[in-house]
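Tertiary structure, described
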Amino acid sequence: MPNLVDFYFSAEGRVSRKQFWLRMMLPALGMMVFVVAVTPPDPAAQVPAACLALAVFLVPALYVGAKRSHDIGLSGWIQLIGLVPYVGIFALILLLGFMPGNKSANRFGVPPGNG
């Protein structure tokens, strides 16, 4: 298993559903803590704070999502489906979180271990 920096800041390879859910917890929890504890009360300061939060927490989540999409044989760009209003995020959660990965090697590499 690669170290956390390589895991969260590289789109190469594949991750299983189990690894996906476990590895998405860190960015999700980090964003929740940021929103509750760190967001400044001044509305003018909230925009730069939100940009910082996106850089810190969304980028690693996108890399993990790209690796998960690789496991099901799709490009990481499939995550753009999440931008479709109303249904996109639900489709993305179903696709990445619940669709089984390829059992054999695909163009993105060998199948991941651990579920």
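The rules behind these values
Residues numbered from 1 in each chain as written. Predicted model: local features only at pLDDT ≥ 70, side-chain atom pairs only at ≥ 80, totals over all residues. Heavy atoms only, no water. Core = buried A, V, L, I, M, F, W, Y, C linked by side-chain atoms within 4.5 Å. Buried < 20%, exposed > 50% of the residue type's maximum accessible area, 1.4 Å probe, protein only. Helix = DSSP H or I, 4+ residues; strand = E, 2+ residues; numbered from the N terminus. 1 Å grid on protein atoms, 1.4 Å probe; cavity = no way out; pocket = protein on both sides within 12 Å on 5 of 7 lines; lining within 4 Å. Points joined across faces, edges and corners; volume = space filled by probe spheres on them. Nonpolar A, V, L, I, M, F, W, Y, C, P; charged D, E, K, R; others polar.

It is worth spelling out the nonpolar core at this point. Formed by Phe7, Tyr8, Val15, Phe20, Val64, Ile72, Leu92, Leu95 and Leu96, the largest nonpolar core amounts to 9 residues. Looking at this core, the elements that each hand over two or more residues are α1 (4-8) and α4 (88-98). By residue number, the principal contributor to this core is α4, which donates 3 residues.

Turning our attention to the layout of surface pockets. Estimated volume of the largest pocket: approximately 380 Å³. Taken together, 15 residues form the lining of the largest pocket, with Met24, Leu62, Gln79, Ile89 and Leu92 sitting closest to its centre. Listing elements by their share of the lining of the largest pocket, those giving two or more residues are α2 (17-38), α3 (43-71) and α4. By residue number, the principal contributor to the lining of the largest pocket is α4, which donates 5 residues. Looking at the lining of the largest pocket residue by residue, the class counts come to 12 nonpolar, 3 polar and no charged. Roughly 170 Å³ of internal volume is contained in the second largest pocket. As for the second largest pocket, its lining consists of Trp21, Met24, Met25, Pro27, Ala28, Leu29, Met31, Met32, Phe57, Leu58 and Ala61. Contributing elements (two or more residues each) for the lining of the second largest pocket: α2 and α3. Grouping the amino acids of the lining of the second largest pocket by side-chain chemistry returns 11 nonpolar, no polar and no charged.

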